[in-house]
Amino acid sequence: MPNGTAAPKILLQTLLGTKTEQTPVWLMRQAGRYLPEYRKLRAQKGGFLELCYDSDAAAEVTLQPIRRFGFDGAILFSDILIVPHAMGQKLWFETGEGPRLAPRLLDASLASLKGAPEHFEAIYATVRTVAAQLDDKTTFMGFAGSPWTIATYMVNGQGSKDQAATRRFAYRDEAAFSELIEAIVENTVTYLLGQIEAGVDAVQLFDSWAGSLSPAQFEKWVIAPNAGIISRLKAVHPDLPIIGFPKGAGAKLIAYASETGASAIGLDETVDPVWANENLPEGLPVQGNLDPLALIAGGEALERSVRHILDVFRERPHIFNLGHGILPDTPIEHVEKLLTLVRQ
């Protein structure tokens, strides 16, 4: 591993299937808007995308929560939409409204896009910078969006509540949609292999919109593409831990866990930990799944939720995390309390 073996990386050990004495903890979006040091740096850089492509600044953001809280994992600061940007779509962020991509593939063909793989290089430079500075006990994680979720943005040009435009597209022209998914798989494998070569210890696949699909469509557009990515990464790096996070999958998590080859499964806040512990393969590491709003609420609600999750997974390799990303109005003192509860 890039940072040596002078100190145990308990998060990495957990991902590899070891039940460690202390539960490792990190938080999705832990490098972000709830931190004043992040807000200051982002204001200096002028925008989110500018921050992502400034390797020194992105490395600094990646390291900020490690310095402040001492999380067991550092997550690369970037965005899942770097992949469609590198595939040739224009990417920008509307203030208060989120990302935009053009041309949307409802109006243009995949073949009309001219790839821009140079966008990956800035992210690899960030990885190298972080890997050189990170201490030897912190696991460094890279990531990418899963093909279904990336496709929803590429087809519609922006996010939506139910991904209806992309679902209709997939039903109406399965051949064209399959071609898009295959292109995303190809670019995602390239992107993640680059992150691994640059110095990450593990990667996570985010399928933020997996919950919008029927079981048959979930099998076709979530399980199969993720299994393809994982098998190709494992062919090059057989010991690489890969976390699969199909948000909203519910009972379909059972098939996802057994068919994708993921090393660990991320659980969103709607998954009952008791159900997950009883139904997912014995010994499979899990990650999650505190409700981000419970972290904002703090107090007894936070303490009760944390203790329940820890108790349920006490016999299973478990990484404590949120069920989705930390929210911008999360009090820093609540994060500090969370860490105290997990590490007691």
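In case you missed it, the structure is sitting above this.
It should be emphasised that the depicted structure is a prediction, and the values quoted were computed from it without experimental measurement.

Q: Looking at this model, I keep getting lost on the layout of surface pockets. Mind explaining?
A: In this structure, the largest pocket occupies an estimated 1400 Å³ of space. In terms of lining, the largest pocket is formed by 45 residues, of which the most central are Arg29, Arg33, Phe48, Asp79 and Phe93. Only helix 2 (36-45), helix 3 (48-53), strand 2 (90-94) and strand 3 (98-102) provide two or more residues apiece to the lining of the largest pocket. If one sorts the elements of the lining of the largest pocket by residue count, strand 2 sits on top with 4 residues. A class-by-class count of the residues in the lining of the largest pocket yields 23 nonpolar, 13 polar and 9 charged. Quantified by volume, the second largest pocket comes out at close to 170 Å³. Around the second largest pocket, the lining comprises 13 residues; the ones closest to its centre are Glu21, Thr23, Leu310, Val342 and Gln344. Of the residues that constitute the lining of the second largest pocket, the class distribution is 3 nonpolar, 4 polar and 6 charged.

Q: Sorry, what's going on with the pattern of salt bridges here?
A: Two side chains of opposite charge can pair, provided their charged atoms sit close to one another. The full count for this structure, using the stated rule, is 14 salt bridges. Two residues, Arg307 and Glu303, come together in a salt bridge whose shortest N-O distance is 3.3 Å. On the criterion of helical spacing, the pair formed by Arg307 and Glu303 is a turn pair, its members being 4 residues apart in helix 14 (residues 299-312). For Asp311, the salt bridge is made with Arg314, and the minimal N-O distance between the two is 3.2 Å. Connected through shared salt-bridge partners, Glu303, Arg307 and Lys337 make up one network.

Q: Help me out: how do you make sense of the sheet that holds strand 8 (residues 286-290) in this one?
A: Two orientations exist for strands paired in a sheet by backbone hydrogen bonds: parallel and antiparallel. On the basis of which strands lie adjacent, the open sheet formed by 7 strands has the order 1-4-5-6-7-8-9 and parallel pairing. Only two strands of the sheet have a single partner each, and these edge strands are strand 1 (73-75) and strand 9 (318-322). Ignoring which end each strand starts from, the neighbouring axes of this sheet average 25 degrees apart. Here strand 8 pairs with strand 9 via 5 bridges, running parallel. Across the sheet, Gly288 pairs through a bridge with Phe320, a residue of strand 9.

Q: Help me out: how do you make sense of the pairing of strand 4 (residues 139-145) in this one?
A: Every regular strand shows the same layout, with side chains that alternate between the two sheet faces. Most of strand 4 sits out of view: 7 of its 7 residues are buried. Inspection of the sheet shows strand 1 paired to strand 4 by 3 bridges, in the parallel sense. By the bridge assignment for strand 4, Ala74 is matched with Phe140. Alignment of strand 4 against strand 5 (residues 202-207), held across 5 bridges, turns out to be parallel. Each residue of the ladder has a partner; that of Gly142, found in strand 5, is Val203.

Q: How do you make sense of empty space enclosed by the protein when you look at a structure like this?
A: Applying the stated criterion across every chain yields a total of 1 cavity of 30 Å³ or more. Of the pockets and cavities examined, the largest cavity occupies roughly 30 Å³. Considering the residues around the largest cavity, the lining is formed by Thr152, Asn156, Gln158, Gly159, Ser160, Gln163, Thr166 and Trp209. Of the residues contributing to the lining of the largest cavity, the split by class is 1 nonpolar, 7 polar and no charged.

Q: How should I be thinking about the nonpolar core in this particular structure?
A: Looking at soluble globular proteins, one finds that nonpolar side chains tend to be buried together. Judged by nonpolar contacts, the single largest core of 117 residues is most densely connected at Phe177 and Leu290. The element that contributes the greatest number of residues to this core is helix 9 (residues 174-198), accounting for 11 residues. Among residues more than four places away in sequence, those in contact with Leu290 are Glu269, Leu295, Leu302, Ser305, Val306, Ile309, Phe320, Asn321, Leu322, Gly323 and Leu338.

Q: How should I be thinking about the pairing of strand 3 in this particular structure?
A: For strand 2 and strand 3, the ladder comprises 5 bridges, and the chain directions are antiparallel. Looking at the pairing, Lys90 lines up with Ala102 of strand 3.

Rules used throughout
- Residues numbered from 1 in each chain as written.
- Predicted model: local features only at pLDDT ≥ 70, side-chain atom pairs only at ≥ 80, totals over all residues.
- Heavy atoms only, no water.
- 1 Å grid on protein atoms, 1.4 Å probe; cavity = no way out; pocket = protein on both sides within 12 Å on 5 of 7 lines; lining within 4 Å.
- Points joined across faces, edges and corners; volume = space filled by probe spheres on them.
- Helix = DSSP H or I, 4+ residues; strand = E, 2+ residues; numbered from the N terminus.
- Nonpolar A, V, L, I, M, F, W, Y, C, P; charged D, E, K, R; others polar.
- Salt bridge = Lys/Arg side-chain N within 4 Å of Asp/Glu carboxyl O.
- Pairing = 2+ DSSP bridges.
- Axes fitted to C-alpha atoms, helices over the stretch in contact; angles between N-to-C directions.
- Buried < 20%, exposed > 50% of the residue type's maximum accessible area, 1.4 Å probe, protein only.
- Core = buried A, V, L, I, M, F, W, Y, C linked by side-chain atoms within 4.5 Å.
- Contact = heavy atoms within 4.5 Å.

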